Amino acid sequence: MDQIFDKLQSVSDRYEEVNELISDPEVIADTKRFMKLSKEEGDLRETVDTYNTYKEVSSSLSDDQDLLKEKLDDDMNEMVKAEISDLETQKADLEERLKILLIPKDPNDDKNIIMEIHGAAGGDEASLFAGDLYNMYVKYAETQGWEVQIVDEVTTEVGGFKEIVLMITGNKVYSKLKFENGAHRVQRVPETESAGRIHTSTATVGVMPEEEDVDIDIDPSDIRTDVYRSSGAGGQHINKTSSAVRMTHLPTGIVVAMQDERSQQQNRVKAMNVLKARIYDYYKQKEEDQYNAQRKSSIGTGDRSERIRTYNFPQNRVTDHRIGLTLNKLDKVLAGDLGEIIDALIVSDQADKLERLNESQD
């Protein structure tokens, strides 16, 4: 634990330093620096508060243990022993909490996301399932107070999506939805199936943090931009001006189409944000060794070809294969009740990282 305490003291020292800096008039006048330091202060606060509580509990425990060495009457002796037992439990709990707080945070956790849902294997049934997943995420986003915008969509005749791209904005979106990355499998009897046979289909979900300022150089000459007339909201009217935008990144072949906004300039800005996210994700995944080492854990690599979850309609069952979690409430999950699954994935990820942290201390 000595290394952990050294790190906690360093965090505490940095917290005091940051608090002094954000009180400095020169820093306050520098809005960008002030905002950055304020965020750092907020990120450190829980760890420092927990560490201070831990030191108070440890001090009280030490005092009680010294007191027990003195000659006490029976009642006082029993009372001190009971208090020691309680403080030891508190100390152990705080140690585990501090270890979790020291786990390196994903730098993308606070970011908004670009989510891509594709109907994969299974034809029409796969596209319908992609629509089900879209509705599930929209309803979950509503419970979190997030905003969902459709960036691009390719519908099918049966009413589902061959592809739909979303931008989800709000508080800590990536931290909760990053584990949705992968292949989702559905087992159900299609409406067109007269014999009542269960079919298996899949849809893939891609989750990328929105990258507004990324450390990659995008040469403007590598981007081809085409403008065209937007079909308007739901195809109800035709926009007489060419406000829709399609951007193609020539080196990678990545294409982004945007017609959500009324003005071409607004669509250009949003399309560029999505394009940056996709290009960043593309090059990030090219760095296979580093990428896989970072993402591989008890909940999987996050690879979109990896089957992560099965939705079984006949048994109203949903199973997350990465952590072996099965819930018999598929109807509620598809209605946006994803909290139990997401919380379990986060806990599993923390447990895996905590195990690695403990191993590094041995």
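The residue numbering used here restarts from 1 in each chain and proceeds along that chain's sequence as written. For a predicted model such as this one, the threshold for reporting local features is a pLDDT of at least 70, and the threshold for listing and counting side-chain atom pairs is 80 or more; totals across whole chains, interfaces and linings nevertheless cover every residue. Excluding hydrogens and water, the side-chain values take into account all heavy atoms of the structure.

Engineer: Help me out: how do you make sense of the sheet that holds strand β6 (residues 223-228) in this one?
Structural biologist: What holds strands together in a sheet is hydrogen bonding between their backbones, with the strands either parallel or antiparallel. A sheet is described by the order of its strands in space; here three strands give the open sequence β6-β7-β8, paired in antiparallel fashion. The sheet is open, and its two edges are formed by β6 and β8 (254-258), each paired on a single side. Each strand axis lies, on average, 15 degrees off the axis of its neighbour in the sheet, ignoring direction. Direction of pairing for β6 relative to strand β7 (residues 244-249): antiparallel, over a ladder of six bridges. Across the sheet, V227 pairs through a bridge with V245, a residue of β7. In this scheme, strands are said to pair when DSSP sees at least two bridges between them. The secondary structure listing takes helices from DSSP runs of H or I that are at least 4 residues long and strands from runs of E that are at least 2 residues long, numbered from the N terminus. All axes here are fitted lines through C-alpha atoms, helices being fitted over the stretch that makes contact, and every angle between N-to-C directions spans 0 to 180 degrees.

Engineer: Can you help me understand the sheet that holds strand β4 (residues 182-188) in this one?
Structural biologist: Within the open sheet, the eight strands sit side by side as β2-β3-β1-β5-β4-β9-β10-β11. Their pairing is mixed. Every interior strand has two partners, whereas the edge strands, β2 (147-155) and β11 (325-327), have only one. Averaged over all adjacent pairs, the angle separating strand axes in this sheet is 15 degrees, with direction ignored. Of the strand pairs in this sheet, strand β1 (residues 113-119) and strand β5 (residues 199-209) are connected by seven bridges, and their pairing is antiparallel. Paired with I113 across the strands is P209, a residue of β5. The contact criterion used is simple: two residues touch if any of their non-hydrogen atoms lie within 4.5 Å. On top of the sheet, helix α5 (residues 124-144) reaches β1, β2, β3 (161-169), β4, β5 and β9 (307-312); it is set at about 45 degrees to β5, its chief contact.

Engineer: Please clarify how the packing of aromatic side chains should be interpreted in this entry.
Structural biologist: In this description, an aromatic ring pair is defined by two values, namely the gap between the centres and the angle between the planes. Any two of the Phe, Tyr and Trp rings considered here, Trp counted by its six-membered ring, make a pair once their centres fall within 6.5 Å; the pair's planes then place it as stacked at under 30 degrees, edge-to-face at over 60, or tilted in between. For the structure on display, the rule yields three aromatic pairs. Plain terms: the ring middles of Y134 and F161 are 5.5 Å apart, the flat faces sit at 75 degrees to each other, and that makes the pair edge-to-face. Placement of Y134 in helix α5 and of F161 in strand β3 is noted, with a sequence separation of 27 residues between them. Each member of the pair, Y134 as well as F161, carries the same accessibility label: buried. An angle of 80 degrees between the planes, with centres 5.6 Å apart, marks the rings of Y140 and W146 as edge-to-face. Whether a charge lies above a ring is judged from NZ of Lys or CZ of Arg, which has to be within 6 Å of the ring centre and within 35 degrees of the ring normal. The cationic tip of R188 hangs over the ring face of F313; the distance from NZ or CZ to the ring centre is 4.7 Å. Each residue's exposure class comes from its accessible area (1.4 Å probe, protein chains only) as a fraction of the maximum for that residue type: buried when under 20%, exposed when over 50%, partly exposed otherwise.

Engineer: Before we go on, may I ask you to explain the pattern of salt bridges in this structure?
Structural biologist: Pairs can form between side chains of opposite charge once their charged atoms are near each other. Definition used for salt bridges: Asp or Glu carboxyl oxygen within 4 Å of a side-chain nitrogen of Lys or Arg. Applying the stated rule across the entire model yields 19 salt bridges. Note that E41 and R45 form a salt bridge whose closest N and O atoms lie 2.7 Å from each other. Of this pair, E41 and R45 both sit in helix α3 (residues 31-68), four residues apart, which is roughly one turn of the helix. What makes E41 buried here is its relative accessible area of 10%. Each of K39, D43, D110 and K172 takes part in one network of salt bridges that share partners.

Engineer: Explanation requested: the environment of I28 in the structure shown.
Structural biologist: Topologically, I28 is positioned in helix α2 (residues 25-29). If sequence neighbours within four positions are ignored, I28 has contacts with I22, S23 and F34.

Engineer: What's the story with the nonpolar core in this structure? I'm lost.
Structural biologist: A general trend in soluble globular proteins is that nonpolar side chains are found buried together. Take the buried residues of types Ala, Val, Leu, Ile, Met, Phe, Trp, Tyr and Cys, join any two whose side-chain atoms come within 4.5 Å, and each joined set is a nonpolar core. Counting 35 residues, the largest nonpolar core has M115, I117, L133, Y137, L177 and Y311 as its most contacted members. Here this core takes nine residues from α5, the largest share from any one element. Those residues within four positions of Y311 in sequence are excluded, and the remaining contacts are F129, L133, M136, H184, R185, V186, Q187, R317, V318, L330 and L334. Of all hydrophobic cores here, the second largest spans 17 residues; its members include L8, V11, Y54 and L94.

Engineer: So what exactly am I meant to see when it comes to helix α4 (residues 74-101) here?
Structural biologist: For an α-helix, the turn length of 3.6 residues means that residues three or four places apart are oriented alike. Take the residue count of a helix, subtract one, and multiply by 1.5 Å to get its expected span. Over its 28 residues, α4 runs 40 Å from end to end, which matches the ideal 40 Å to within 8%, given 1.5 Å per residue. Within α4 the residues assigned to the buried category are N77, V80, I84, L87, L94, L98, K99 and L101. What qualifies as a polar contact is a pair of N or O atoms within 3.5 Å, subject to a donor-acceptor requirement within protein and to the restriction that residues adjacent in sequence count only when both atoms come from side chains. Its side-chain oxygen 3.2 Å from the backbone nitrogen of D75, D73 forms the N-cap of α4.

Engineer: Can you walk me through the side chain of D109 in this structure?
Structural biologist: Among the structural elements, D109 can be located in the loop between α4 and β1. With relative accessibility at 19%, the residue D109 sits in the buried group. In this structure the side chain of D109 is engaged in a polar contact, spanning 2.9 Å, whose partner is the side chain of K178. Ignoring anything within four residues of it in the chain, the contact list for D109 reads K172, V173, Y174, S175 and K178.

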